[in-house]
Structures are given as C-alpha cells and as structure tokens.
Amino acid sequence: MPTKPLTAGVVGAGIAGLSAAIALRRAGLEVHVYERSQFKNEIGAAISAPPNATAALRRWGFDFVAAKTVPNLCTRYAPAEDLLTVSELKYEDIEAVMGAPCLSFHRVDLHSGLRALATEDEGRDERGAKGEAKGIPVKIHLGCEVQSVDCENGVLVLANGTQVRKDLVIIADGAHVSRSAQLVVKVIYIDMVPEQTSNRLSWPSSAGPAHRPLDLPLASLHGRCHGEPRARGTIP
C-alpha cells in the first residue's frame, strides 16, 4: 500500500520559494506554495548565479537556452566618474575548474524557468529511466496571502481565514521581510556542537538590534560555542 507523502507549505513564490519547492518536490513531498501576488507585473534585473547554483539548476533540468543566460567570464571594477578599470578578475576556465558555469539571468527568465520546473508533470528528468524522479507537481496558489503561521502545529492561516496544516512550513517571502518577521517562530535555538566554531541562528536581517535575542548577546555566540550543547534565544 503506497505511503502518503509528507506535505510542505511554502510562503512566497519568488526565486527562493520556487527553488525550495522544487527541491522538496524532488525529495518526495507534496508541496503547496502560497503567493500573495498574481504574477501580473513581474519585474527584475540581472542576477548572477555562481557555479554552485547553476549546478543545482542543471541537475533539476533547468532550460538555460530558454532563459537566455549569459556566461560570466570576467568581473571588472571601475568608478562611475571616469569608468577607468581599477581591478579586473578573469575566470574563463571557471566551468572546467568548478564543474559548472557562472551565468547571468534576467530575473523574470530565471523565475519563469523555476516555475516551469516546479509545476511540470510527474516523471523523470532528461537522464531517462535512471534519472531523478521529478515528484508530485507543485501547486501554486496565487493571490493567496498568508497572514500568520502556527509553527508548533504547522498551520498556515490565510487572509480569507482558511487554515491549512502542513508537515513542513518554509517562509520564503524575502521581498516583504517586515511582514515575514511577524510569521517566524518566536523561539529560536542554536545548536552548539563541541569542537566546532560555527552555529545556526536566524532572525530577519532587517529587524535590527532591538529584535535580536535578548538573553543571548550576538557578541557572546563565538565564545560559547565550545562545551554547551544548546543555547536558547528569544525574539520579542
């Protein structure tokens, strides 16, 4: 008897939200994305994707030709006053060295390609029978604003009052950080592993010092990485 897949709800259908949805779909989850806009006025500018990003897109079967990508082979720095080159970095061999190219996209083309990957029919990718399964097509709900999230129970509360429960909730509404700050879980944990100097901590980058954990000063994080198995911080 087939096992019912885990479910995921993604808040925001931008580049981050769609990328998360594609990855979760490929992992076997049933994914629903909730987007407040109607995608009627997509705007954007050039976006550079380094080799680690293009490698993931290539694995998903992203259509680089349709996206009209441009290879990045050189970076040049020049002041606006005279446009004289201050420094220049060339990396024509970046694909050979890194295993994937560095590319520039127009945001709308990148977004359109990700949306196609998220919603295309089930099956396997271009590598054939031994390729990676694409999973259940992602369902994108446009004009569907999420007003709050019950992170303990995995419940999304929509603007029309509807509540939907998911096994996993991803908040990827980066263009509306001030609003997303109201959605994030109020208690955050930092996993401290002995003999490691890294830790995991997140809060909205625009929140400012007043919204940082009051009982865990940022300056003390590095010094407390050793020995303590877990530290706790709260967002007011």
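Residues numbered from 1 in each chain as written. Predicted model: local features only at pLDDT ≥ 70, side-chain atom pairs only at ≥ 80, totals over all residues. Heavy atoms only, no water.

### Considering the overall build of the chain
Okay, so step 1: The number of helices and strands found in the chain is five helices and 14 strands.
Okay, so step 2: Within the chain, the proportion of its 236 residues that are buried is 33%.
Okay, so step 3: In the chain, the share of contacts with a sequence separation of at least 24, taken over all contacts with a separation of at least 6, comes to 62%.
Okay, so step 4: Surface summary for the chain: the accessible area is close to 14,200 Å², and the carbon and sulfur share equals 54%. (Helix = DSSP H or I, 4+ residues; strand = E, 2+ residues; numbered from the N terminus. Buried < 20%, exposed > 50% of the residue type's maximum accessible area, 1.4 Å probe, protein only. Contact = heavy atoms within 4.5 Å. Areas by Shrake-Rupley, 256 points an atom, 1.4 Å probe, with all protein chains shown as cover.)

### Re the nonpolar core
Okay, so step 1: Core analysis: the biggest nonpolar cluster contains 26 residues, and Val31, Val33, Leu57, Phe62, Phe105, Leu114 and Val138 have the highest contact counts within it.
Okay, so step 2: Elements with a contribution of two residues or more to this core: β1 (7-11), α1 (15-26), β2 (30-34), α2 (51-60), β7 (103-106) and α4 (107-119).
Okay, so step 3: Apart from the residues lying within four places of it in its own chain, the contact partners of Phe62 are Leu57, Ala67, Phe105, Asp109, Leu110, Gly113, Leu114 and Leu117.
Okay, so step 4: Judged by nonpolar contacts, the second largest core, of eight residues, contains Val11, Tyr34, Cys144 and Leu158. (Core = buried A, V, L, I, M, F, W, Y, C linked by side-chain atoms within 4.5 Å.)

### Digging into the packing of α1 against α4
Helix-helix packing is characterised by the crossing angle of the two axes and by the distance between the axes.
Okay, so step 1: Where α1 meets α4, the axes come as close as 9 Å, and the angle between the chain directions of the two elements is 25°. By the criterion of interaxial angle, the relationship of α1 to α4 is roughly parallel. Read as a crossing pair, α1 and α4 show a hand that is left-handed. Taking contact as the criterion, the partners of Ile15, Leu18, Ser19, Ile22 and Arg25 in α1 are, on α4, Arg107, Leu110, His111, Leu114, Arg115, Leu117, Ala118 and Thr119. (Axes fitted to C-alpha atoms, helices over the stretch in contact; angles between N-to-C directions. Parallel < 35°, antiparallel > 145°, perpendicular 65-115°, else oblique. Left-handed = near helix turned anticlockwise from the far one by under 90°.)

### Remarks on α1
Okay, so step 1: In this model α1 runs 17 Å from its N-terminal to its C-terminal C-alpha over 12 residues, within 8% of the 16 Å that 1.5 Å per residue would give.
Okay, so step 2: For α1, the buried fraction is high: nine of the 12 residues fall into the buried class.
Okay, so step 3: By the burial criterion, the buried members of α1 are Gly17, Leu18, Ser19, Ala20, Ala21, Ile22, Leu24, Arg25 and Arg26.
Okay, so step 4: Its buried side turned inward, α1 meets β1, β2, α2, α4, β8 (139-141) and β12 (168-171). (Expected span 1.5 Å × (residues − 1).)

### As for the confidence of the model for the chain
Okay, so step 1: Here the chain averages 77 in pLDDT, and 68% of its residues register 70 or above.
Okay, so step 2: Contacts from residues 185-236, a stretch scored under 50 in pLDDT, to residues over four places away or in other chains number 76 contacts. (pLDDT = per-residue confidence, 0-100.)

### Topic: the pattern of salt bridges
Okay, so step 1: Considering all chains together, one arrives at four salt bridges under this definition.
Okay, so step 2: For Lys134, the salt bridge identified is with Glu120, shortest N-O distance 3.6 Å. Of this pair, Lys134 sits in the loop between α4 and β8 while Glu120 sits in the loop between α4 and β8; the two residues are 14 residues apart in sequence, bridging distant segments of the chain.
Okay, so step 3: Residue classification places Lys134 among the buried residues on the basis of a relative accessible area of 15%. (Salt bridge = Lys/Arg side-chain N within 4 Å of Asp/Glu carboxyl O.)

### Focus on the pairing of β1
Okay, so step 1: When you tally the buried positions in β1, you get five out of five residues, the bulk of the element.
Okay, so step 2: Side-chain alternation along β1 places Thr7, Gly9 and Val11 on one buried face and Ala8 and Val10 on a second face that is also buried.
Okay, so step 3: Relative to β2, β1 runs parallel, the two being bridged by five bridges. Note that in β2 the partner of Thr7 across the bridge is Glu30.
Okay, so step 4: Each parallel crossover has a hand, and the one from β1 via α1 to β2 is right-handed.
Okay, so step 5: Bridge analysis of β1 against β12 gives four bridges, and the strand direction is parallel. Within β12, the position partnered with Val11 by the bridge is Ile171. (Pairing = 2+ DSSP bridges. Right-handed = clockwise from strand over helix to strand, strands pointing away.)

### As for the packing of aromatic side chains
Okay, so step 1: All chains considered together, the criterion is met by three aromatic pairs.
Okay, so step 2: Ring centres of Phe64 and Phe105 lie 6.4 Å apart, and the angle between their planes is 45°; this geometry places the pair in the tilted category. Linking Phe64 in the loop between α2 and β4 (70-71) with Phe105 in strand β7, this pair joins segments that are 41 residues apart in sequence. Each member of the pair, Phe64 together with Phe105, is buried. (Phe/Tyr/Trp six-rings, centres within 6.5 Å; stacked < 30°, edge-to-face > 60°.)

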